[in-house]
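Tertiary structure, described
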Amino acid sequence: MERSRTTDQAIRITNVTKRFNGCLAVDDVSLIVQRGEIMGLLGPNGAGKSTLTNMVCGLLTPDEGTISILGYDVFRERNKAKLLLGAVPQDIVLYPYMTVIENIKFFGVMNGFVGAALEERIDEMIAYMGLDEDALNRNTVHLSGGMRRRVNIACGILHDPEIVLLDEPTAGLDPQNRFELWKLIRGMNEEGKTVVLTTHMMDEAQELCDRVAIMDKGKIVALDTPKALIDFIDVQAAVRVVLQEPMPEHAAIFELTDGVQGVVQEVDPETHELRFKVLVGDANEALPGIVSATMNAGVRVKSIEIIEPTLADVFLKMTGRSILEAEMETEEAALAEEAV
Ligand SMILES: Nc1ncnc2c1ncn2[C@@H]1O[C@H](COP(=O)(O)OP(=O)(O)O)[C@@H](O)[C@H]1O
Ligand SMILES: [Mg+2]
């Protein structure tokens, strides 16, 4: 039977399970990535993101279940699936004592480029990486983390695959480099590539992804657009106000302000100072009113902060613990294992 090559399903994961010794790393996961979208796999360290993505790119075999890339089975039609998918693993795989150009050339040859086509592809990748002459001729061991990431991505997409899988592409990067990489990823997607990226950073998933699958303990616990996920949990936006000399009766200042739906008095866990969480419908709209109410009342503000619900709140709601707690659990489990 001829399988459809015009499917809208870039990646189809059906009931996939993977165990390591006793550990259930991926637990009966099903997921469809649509062509043209940026899909985020978001979850704490140890959630099973790398295990899942490594199975999608054929590096690991599932114990159960099937995976197809644009209709081609990742294992039974390996060669076809491989051409359609470019994978950039979590750990950088470059030859440290070869220059950027030599690395690119090497990956080009490995992918069957020769002669003029190879030169052309090298030029394209140089433009794509945005590195200067000096960096291009440096051994990759001497590059900054951000530059190395770019070269790694260039090597992964050198064969111009339609689907790109990036495992923690911005891990270890400073904010500037992270932002640059987001631009690169968005650019790829605008060119028509389907992008799947894993991340344990909530803001990254929220900012970059059309849809997000939240993973925890090997399972997908939620899947939707960031906005729909946040709307679903129904956590209210709020403005947190810290006053210079706070008194409980200051709550009244906010209660009478336009757009305010309630005021919660809290104690700062670090300073033990009284502070106010002003519940609102739209934090940006309510903020000016809250600021002027404090001025009119003649009280001095120490700090004021918008606390919009985020995907971190979604994770908390879905799993009953924060992403940080989840990562600490994983670390503790790993240490306990080592101790045995
Ligand atoms: N090669 C392996 N051998 C044994 N256990 C593994 C291996 N790879 C991953 N695991 C375990 O599987 C779970 C999921 O890991 P991983 O897929 O790397 O998570 P993530 O990428 O979300 O941090 C973890 O508990 C991890 O310790
Ligand atoms: Mg990982």
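Just above, that's the structure.
Calculation notes
- Residues numbered from 1 in each chain as written.
- Chains lettered and ligands numbered in written order.
- Predicted model: local features only at pLDDT ≥ 70, side-chain atom pairs only at ≥ 80, totals over all residues.
- Near = placed C-beta within 6 Å.
- Helix = DSSP H or I, 4+ residues; strand = E, 2+ residues; numbered from the N terminus.
- Core = buried A, V, L, I, M, F, W, Y, C linked by C-beta atoms within 7 Å.
- Buried ≥ 20, exposed ≤ 12 C-beta atoms within 10 Å, placed from the backbone.
- Contact = placed C-beta atoms within 7 Å.
- Axes fitted to C-alpha atoms, helices over the stretch in contact; angles between N-to-C directions.
- Left-handed = near helix turned anticlockwise from the far one by under 90°.
- Nonpolar A, V, L, I, M, F, W, Y, C, P; charged D, E, K, R; others polar.
- Pairing = 2+ DSSP bridges.
- Parallel < 35°, antiparallel > 145°, perpendicular 65-115°, else oblique.

**Focus: the site of ligand 1**
Surveying the vicinity of ligand 1 reveals the residues Phe-20, Cys-23, Ala-25, Gly-43, Asn-45, Gly-46, Ala-47, Gly-48, Lys-49, Ser-50 and Thr-51. Counting residues per element, the ones that place at least two in the shell around ligand 1 are β2 (23-34) and α1 (49-56).

**Section: the nonpolar core**
In this structure, Val-56, Ala-154, Leu-165, Ile-214 and Leu-311 are the most contacted members of the largest nonpolar core, which totals 68 residues. Those residues in contact with Ala-154 that lie beyond four places of it in its chain are Ile-104, Met-125, Tyr-128 and Met-129. Formed by 15 residues, the second largest nonpolar core is a distinct cluster that contains Val-241, Leu-243, Val-278 and Ala-293.

**Considerations on the packing of helix α4 (residues 115-129) against helix α6 (residues 145-156)**
The interhelical angle for the contact between α4 and α6, taken along N-to-C directions, is 145 degrees, at an axis separation of 10 Å. Both α4 and α6 take part in a crossing whose hand is right-handed. Within the contact between the two elements, α4 uses Met-125, Tyr-128 and Met-129 and α6 uses Arg-150, Val-151 and Ala-154. Each residue belonging to the contact of α4 with α6 can be placed in one class, and the counts come to five nonpolar, no polar and one charged.

**A short note on the sheet that holds strand β9 (residues 211-216)**
Reading across from one edge, β6-β7-β8-β3-β9-β10 is the order of the six strands in this open sheet, with mixed pairing throughout. Pairing within the sheet leaves two strands with one partner each, and these edge strands are β6 (85-88) and β10 (219-224). Ignoring strand direction, the axes of neighbouring strands in this sheet form an average angle of 15 degrees. In terms of strand pairing, strand β7 (residues 163-167) meets strand β8 (residues 194-199) through five bridges, oriented parallel. Each residue of the ladder has a partner; that of Val-164, found in β8, is Val-195.

**Section: the packing of helix α3 (residues 100-110) against α4**
Two quantities define a packed helix pair, namely the angle between the axes and the distance from one axis to the other. Running from N to C, α3 and α4 point in directions that differ by 130 degrees, and their axes come no closer than 10 Å. The orientation of α3 relative to α4 falls into the category oblique. Pair α3 / α4 crosses with right-handed handedness. Together, Ile-101, Ile-104, Lys-105, Gly-108 and Val-109 of α3 and Leu-118, Arg-121, Ile-122 and Met-125 of α4 make up the contact between the two elements. Class assignment for the residues of the contact of α3 with α4 results in six nonpolar, one polar and two charged.

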